[in-house]
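One letter stands for each residue in the lines below.
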Amino acid sequence: MTDVTDGVLHTLFRSEQGGHEQVVLCQDRASGLKAVIAIHSTALGPALGGTRFYPYASEEEAVADALNLSRGMSYKNAMAGLDHGGGKAVIIGDPEQIKSEELLLAYGRFVDSLGGRYVTACDVGTYVADMDVVARESRWVTGRSPENGGAGDSSVLTAYGVFQGMRASAQHLWGDPTLRGRKIGIAGVGKVGHHLVEHLLSDGAQVVITDVRQESVRRILDKHPEVIAVTDTDALIRTEGLDVYAPCALGGALNDDSVPVLTAKIVCGAANNQLAHPGVEKDLADRGILYAPDYVVNAGGVIQVADELHGFDFDRCRAKASKIFDTTLAIFARAKEDGIPPAAAADRIAEQRMADARRR
């Protein structure tokens, strides 16, 4: 535990990635709950971000993920134009082994204890049904089922927003906002990825997929036999003639190993924290690869769950998510103007909005 504490303190108070307002370590021995709730910023409003349920290799890894993800949510919510800061929670453990009603209720009590400073939702390993259970102990829960006053599955608009980001990327690079005739590689066809496949096929794209879960691949191929499946992500990113690479699984997809061998001209996907470390965005730019910042294009889901707090309206949310197209183009324009990679341009815009909010 000493190592975990030291790691948290270093990130919070001494690291360039710090600046978090609050980190809560949660434990309920009766249910087996071990969780971390990280609040990065409430400058724009209550922190909003999902709950990830994942079998981390260590508690330190879980804390690091919560800190990284919550920081990303501050930037995502700012760029989406939401009146929310950034937060994220992680529950440590294999959800298929330890998830229970008792554990989720205990987690809900911890969320509630923050009095609305943190609003949660679904993420990797948690689903609408889980949020319904958490909501029995706290009102600060979104992503609930329509039967329980919620908006349901947020992955629908997440995929729609990524599609809009791809269209903007195509407009910027090729002068036409269509993916027709383009070869798109999607790594991860689960919650979000399978919806993205539908958008791309409808637009006339050729789709190549991979996923660690063979049942997810099979679901796509059974419905769309024209889709091509490859063995793994390494094979996908090396696919000849690939136009767009869409990382839609876990973070760190763009790293020192993957960027040098990428064949795609555009990277635009749903995964959070795609850049494995600072400097990767420059590596992409040096190779002439256009990167659509992940937290900008995958904001459709958070737009949906934020709307749930005010009485959900799907058409209103879809209209907001459509603006991801314009936001992405604005980032590319700012990047060109400032002579910096798009990821840095997006950061500047988001940081300015948060700074302006703090001065009010």
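Located above this text is the structure these notes cover.
I will try to describe carefully the structure that is included in this document.

Thresholds applied
Residues numbered from 1 in each chain as written. Predicted model: local features only at pLDDT ≥ 70, side-chain atom pairs only at ≥ 80, totals over all residues. Heavy atoms only, no water. Helix = DSSP H or I, 4+ residues; strand = E, 2+ residues; numbered from the N terminus. Rg over C-alpha atoms; globule rule 2.2 N^0.38 Å. Buried < 20%, exposed > 50% of the residue type's maximum accessible area, 1.4 Å probe, protein only. Contact = heavy atoms within 4.5 Å. Core = buried A, V, L, I, M, F, W, Y, C linked by side-chain atoms within 4.5 Å. Axes fitted to C-alpha atoms, helices over the stretch in contact; angles between N-to-C directions. Left-handed = near helix turned anticlockwise from the far one by under 90°. Nonpolar A, V, L, I, M, F, W, Y, C, P; charged D, E, K, R; others polar.

### Focus on the overall build of the protein chain
Each helix and strand in the protein chain was counted, giving 15 helices and twelve strands. Whereas a compact globule of 360 residues would reach a radius of gyration of roughly 21 Å, the protein chain reaches 19 Å, a difference of no more than 12%. In terms of principal-axis extent, the alpha carbons of the protein chain reach across some 55 × 50 × 40 Å. Among the 360 residues that make up the protein chain, the fraction classed as buried is 53%.

### Digging into the environment of Val189
Of note, Val189 is situated in the loop between strand 7 (183-187) and helix 7 (193-202). Among residues more than four places away in sequence, those in contact with Val189 are His194, Val197, Ile209, Thr210, Asp211, Ser216, Val217, Arg219 and Ile220.

### A closer look at the nonpolar core
Counting residues in hydrophobic clusters, the biggest one holds 31 residues, and the most contacted among them are Met166, Leu179, Ile186, Leu196, Val197, Leu200 and Ile209. Mapped onto this core, the elements with two or more residues apiece are helix 6 (155-174), strand 7, helix 7, strand 8 (206-210), helix 8 (214-223) and strand 10 (244-247). Here this core gets five residues from one element, more than from any other, and that element is helix 6. Setting aside anything within four residues of it in sequence, one finds Leu196 in contact with Ala159, Val162, Phe163, Met166, Ile186, Ala246 and Cys248. Counting residues in hydrophobic clusters, the runner-up holds 23 residues, among them Ala47, Phe53, Ala89 and Tyr118.

### Focus: the packing of helix 12 (residues 300-308) against helix 13 (residues 314-322)
One way to put it is that helix 12 packs onto helix 13 with a least axis distance of 9 Å and a crossing angle of 145°. Once helix 12 is placed against helix 13, the crossing between them reads as right-handed. In contact with Gly300, Ile303, Gln304 and Asp307 of helix 12, helix 13 contributes Arg316, Cys317, Lys320 and Ala321. Partitioned by chemical class, the residues of the contact of helix 12 with helix 13 number three nonpolar, two polar and three charged.

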